[in-house]
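Residue-level listing of the chains:
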Amino acid sequence: LEFRRVLFRSDHGAPCPEGVPGRVLLTALHSFAMPIIRYEIGDVATWGPPCDTGITWPVIRSIQGRTRDVYRAPDGSERLIGVMSTAFTPRPDILDHQVVTFDDALLVIAATARPLDEATIDGITGDLQQIFGVTLPVRFLLTEHPDWQGSWKRREFYTLPGRCPPAPQFDDIQRRLTAAYATA
């Protein structure tokens, strides 16, 4: 008997065909406390063909990202932002990062080993504009020891309404993020 199920559903609740990304829902009927039925875990994934072992459960082919990681561009369009590490991983001078989106710019808050050269800044700018699908300017706020508020569930990007401050300060941005996401 199958006591667990993995479902892939569209935004409208319809089953997603193989190869089409959808929200992941889990059902676990064999639970000591109570059954978990169609629990949405917050992932967007694509399912693939069943494995050749004879087990007929869905196979996750790829995970596209989290449902909370949808970027709403100034023009109103939406884009699921997956892992942004491709913009930062090949750059060893970036020790840690976070991106804050504003109506008029993307702000990179980065812990760095040393000042970034122009080629690194241009590379990150191009990568982020491609990932977010916008041509907004990318600004940088470099810091040696960022305080990420001690959260192990820190997100790679956040959105703050309004315009990016002309000279952003780390403490001010963190204060605004804490206020904006205190209930999130």
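Residues numbered from 1 in each chain as written. Predicted model: local features only at pLDDT ≥ 70, side-chain atom pairs only at ≥ 80, totals over all residues. Heavy atoms only, no water.

### A short note on the pattern of salt bridges
Stated precisely, the cut-off is as follows: Only one rule defines a salt bridge in this text: a Lys or Arg side-chain nitrogen within 4 Å of an Asp or Glu carboxyl oxygen. Three labels apply to residues, based on accessible area from a 1.4 Å probe with only protein chains included: buried if under 20% of the type maximum, exposed if over 50%, partly exposed otherwise in between. In this description a helix means any DSSP run of H or I spanning at least four residues, a strand means any run of E spanning at least two, and both kinds are numbered starting from the N terminus.
Following the criterion strictly, the structure yields 7 salt bridges and no others. Ionic pairing is found between R72 and E78, a salt bridge with its closest N-O pair at 3.0 Å. Summarising the burial analysis for this pair, R72 and E78 share the class exposed. Note that D93 is salt-bridged to R114, the shortest N-O span being 2.8 Å. One end of the pair, D93, is in the loop between helix 1 (85-88) and strand 7 (94-101); the other, R114, is in the loop between strand 8 (106-112) and helix 2 (118-132), and 21 residues separate them in sequence.

### Observations regarding the sheet that holds strand 1 (residues 4-9)
To keep it simple, the criterion reads: Here, any two strands with at least 2 DSSP bridges between them count as paired. All axes are obtained by fitting lines to C-alpha atoms, using only the stretch in contact for helices, and the reported angles, taken between N-to-C directions, cover 0 to 180 degrees.
One open sheet holds the 4 strands; their spatial order is 1-2-3-4, and the pairing between them is antiparallel. Two strands lie at the open edges of the sheet, namely strand 1 and strand 4 (59-66), each paired on one side alone. The sheet shows a mean angle of 50° between the axes of neighbouring strands, direction not considered. Note: strand 1 against strand 2 (residues 22-28), 6 bridges, orientation antiparallel. Paired with R5 across the two strands is T27, which belongs to strand 2.

### A word on the nonpolar core
Heads up, the condition is: Side-chain atoms within 4.5 Å are what join buried Ala, Val, Leu, Ile, Met, Phe, Trp, Tyr and Cys residues into a set we call a nonpolar core. The contact criterion used is simple: two residues touch if any of their non-hydrogen atoms lie within 4.5 Å.
Residues Y71, F88, V99, L106, V108, L128 and F132 are the most contacted members of the largest nonpolar core, which totals 18 residues. Among the elements of the structure, helix 1, strand 7, strand 8 and helix 2 are those that each provide at least two residues to this core. Once residues lying within four places of it in the same chain are set aside, the contact partners of V108 are F88, Q98, V99, I124, L128, V138, R139, F140 and L141.

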